[in-house]
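Each chain is listed here by its residues.
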Amino acid sequence: MKRVVFFGTSAFGADVLRALAAEAAADPAFAAQMRESFLERRRAALRQLLERGVTRGELSEAQSAAALDLVYGSLWYRLIFAV
């Protein structure tokens, strides 16, 4: 996950990720491929960490799912809008 964040914070990496997001918005087949080959692997890494919190009773399943979406939603928002 650190590598993706670092890549996304470089000018070149941010441009590449923005272009991929734009293509995914325009092409449903590409969006499905991007979800399967790129996004799901990265989300799985964070999901694994959050599941530890669920196992320890620190988070509910619903909180874990919400946290996963909030983290990745925030990252993509910041990337796309350069904030």
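Here, the structure is the one placed above.
Cut-off values and rules
- Position numbers for residues start from 1 in each chain and track the written sequence from start to end.
- Local features are withheld for residues below a pLDDT of 70 in this predicted model, meaning they are given only at 70 or higher, and side-chain atom pairs are given and counted only at 80 or more; totals for whole chains, interfaces and linings count all residues.
- Note: side-chain values were computed over all heavy atoms of the structure, leaving out hydrogens and water.
- Salt bridges are counted wherever a side-chain nitrogen of Lys or Arg sits within 4 Å of a carboxyl oxygen of Asp or Glu.
- Residue exposure (1.4 Å probe, protein chains only): buried if accessible area is under 20% of the type maximum, exposed if over 50%, otherwise partly exposed.
- Secondary structure elements follow DSSP: runs of H or I no shorter than four residues count as helices, runs of E no shorter than two count as strands, and numbering proceeds from the N terminus.
- When checking whether two residues touch, look at their non-hydrogen atoms; a contact exists if any pair is within 4.5 Å.

(A) View of the pattern of salt bridges. As enumerated under the stated definition, the model contains four salt bridges in all. Note that E40 and R47 form a salt bridge whose closest N and O atoms lie 3.7 Å from each other. What makes E40 partly exposed here is its relative accessible area of 34%. With its nearest N and O atoms 3.0 Å apart, the salt bridge here joins E58 to R56. For the pair formed by E58 and R56, the shared burial category is exposed.

(B) Representation of the side chain of S64. You can see S64 is positioned in helix α4 (residues 61–81). Classification of S64 as buried rests on a relative accessible area of 4%. The contacts of S64, once residues within four sequence positions are left out, are L50, E51 and V54.

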